[in-house]
Amino acid sequence: ATAALESWQESPAPTLGDAWLMSPPTMYVRDVLVKNSRARATDDFLTAEVGIVVKTAALNPRTSRIYYELLAPDGTTAAIGHNDMTLDMRREDSLRFVVAVPDTLLWSAARPVRCRLLLKTQYEGRYGEYLSVPLGFRTAEVCDGRLTVNGEPVALRAAEVAPALCAADIARLRAEGCNLLRFRPGPVPEGLYDLCDSLGIYVVAQAPIDTHRS
């Protein structure tokens, strides 16, 4: 059962929203995380550490082999390898690899370049998962009150929109020069984040919580 929380509406009806059922392998890839850094300001490349988070639901130790291949936009291989991971009862751990990303492949609103990470898992000779994850590499910082991406200041041109905005409207706003969408409170469909990544749009997602009563 759900209980109504404080909301931006008066007396809202509690809701769970959309739901789906999925059945992953016993040992599976739970997430992919990227950490970017530049050792020196004069470097013309970014050092990216990619972490592949692997989780097991087994009650006994289990070993799976994780294969990864990072593809540049032109299809060439930037990194490739595999690792055997052993996890005991309901544990998780990360497989990490480091890759040097040249400035020409960094993501920005002006050039929304994305690479693609291919993953597959193998247990006792059988492949369990095949995943394809788009990745954008970039640094983002706030310097003197201004947002900088890849060390360059960014001029933000924002529009406030509904969470259920259609893809055609997002493409139209981008063509009109908008590079930041501020979604009104509410759940944002996962596909919209991927679309904004591919078009070069920054996103502000607002949580539907109003705490003024407390």
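Each chain has its residues counted from 1, running along the sequence as written. Totals for whole chains, interfaces and linings use every residue, but because this is a predicted model, local features are given only for residues with pLDDT of at least 70 and side-chain atom pairs only at 80 or more, for both listing and counting. Side-chain descriptors were evaluated using all non-hydrogen atoms of the structure, hydrogens and water having been removed beforehand.

(A) Local environment of the overall build of the chain. In DSSP terms, a helix is any run of H or I states spanning at least four residues, a strand is any run of E spanning at least two, and both are numbered starting from the N terminus. Counting its regular elements, the chain contains two helices and 13 strands. Scored against the burial criterion, the 214 residues of the chain give a buried share of 31%. Here a residue-residue contact requires only that any non-hydrogen atoms of the pair lie within 4.5 Å. Restricting the contact set of the chain to residue pairs at least 6 apart, pairs at least 24 apart contribute 54%. Put simply, the chain shows about 13,400 Å² of open surface, and 53% of that area lies on carbon and sulfur atoms. In this scheme, a residue with accessible area under 20% of its type's maximum is buried, one over 50% is exposed, and one in between is partly exposed, where area comes from a 1.4 Å probe on protein chains only. To measure how exposed things are, a 1.4 Å probe is used in the Shrake-Rupley method; for residues, cover is taken only from the protein chains shown.

(B) The pairing of strand β9 (residues 146-149), seen in detail. Relative to β9, strand β8 (residues 140-143) runs antiparallel, the two being bridged by four bridges. Paired with V142 across the strands is L147, a residue of β9. Two successive antiparallel strands, β8 and β9, enclose a turn made up of two residues, where D144 displays a positive phi of approximately 55°. DSSP-based pairing: two strands are paired if at least 2 bridges between them are found. Two strands pair when backbone bridges link them, and β9 and strand β10 (residues 152-153) are joined in this way by two bridges, in the antiparallel orientation. Each bridged residue has a counterpart across the sheet, and for T148 the counterpart in β10 is P153.

(C) Highlighting the side chain of S64. Within the secondary structure, S64 sits in strand β3 (residues 62-71). With near-sequence residues (within four places) excluded, S64 lies in contact with M27, N83, D84, M85, Q122 and Y123.

(D) View of the sheet that holds strand β1 (residues 27-37). Reading across from one edge, β1-β2-β5 is the order of the three strands in this open sheet, with antiparallel pairing throughout. Each having just a single partner strand, β1 and β5 (92-102) make up the two edges of the open sheet. The sheet shows a mean angle of 20° between the axes of neighbouring strands, taken without regard to direction. Examined bridge by bridge, β1 and strand β2 (residues 45-56) share ten bridges and lie antiparallel to one another. Note that in β2 the partner of N36 across the bridge is A48. A fitted line through C-alpha atoms serves as each axis, taken over the contacting stretch for helices, and the angle formed by two N-to-C directions is quoted from 0 to 180°.

(E) Up close: the side chain of R62. Relative to the assigned elements, R62 resides in strand β3. We treat Lys and Arg as the positive residues and Asp and Glu as the negative residues; His and chain ends play no part in the count. Only one rule defines a salt bridge in this text: a Lys or Arg side-chain nitrogen within 4 Å of an Asp or Glu carboxyl oxygen. No salt bridge is formed by the buried R62. Its closest oppositely charged neighbour is E124, at 6.5 Å. The residues contacting R62, other than those within four sequence positions of it, are T26, M27, T56, M85, T86, L87 and Y123.

(F) Just the pattern of salt bridges, in detail. Going through the model one piece at a time under the given rule, you end up with eight salt bridges. Residues D88 and R91 are paired through a salt bridge, measuring 3.4 Å at the closest nitrogen-oxygen approach. A salt bridge links R172 to E176, with the shortest nitrogen-to-oxygen separation between them at 3.3 Å. Looking at E176, the relative accessible area reads 55%, which means it is exposed. Among the ionic contacts, a cluster of salt bridges with common partners joins D169, R172 and E176.

(G) Quick peek at the packing of helix α1 (residues 167-175) against helix α2 (residues 190-199). Closest axis-to-axis distance for the α1/α2 pair is 11 Å, and the angle between their directions is 25°. As summarised for this structure, α1 and α2 are arranged roughly parallel, according to the angle between their axes. The way α1 lies across α2 gives a crossing that is right-handed. On α2, the residues that touch A167, I170, A171 and R174 of α1 are L192, L195, C196 and L199. What sets the label is the angle itself: under 35 degrees gives roughly parallel, over 145 gives roughly antiparallel, 65 to 115 gives roughly perpendicular, and the rest give oblique. Note on convention: near helix rotated counterclockwise from far helix by under a right angle means a left-handed crossing. Clockwise means right-handed.

(H) Summary view of the sheet that holds β9. Taken together, the three strands give an open sheet; going across it, the order is β8-β9-β10, and neighbouring strands pair in antiparallel fashion. Two strands in the sheet have a free side with no partner beyond their single neighbour: β8 and β10.

Function cannot be inferred from these measures alone, as they are strictly geometric.
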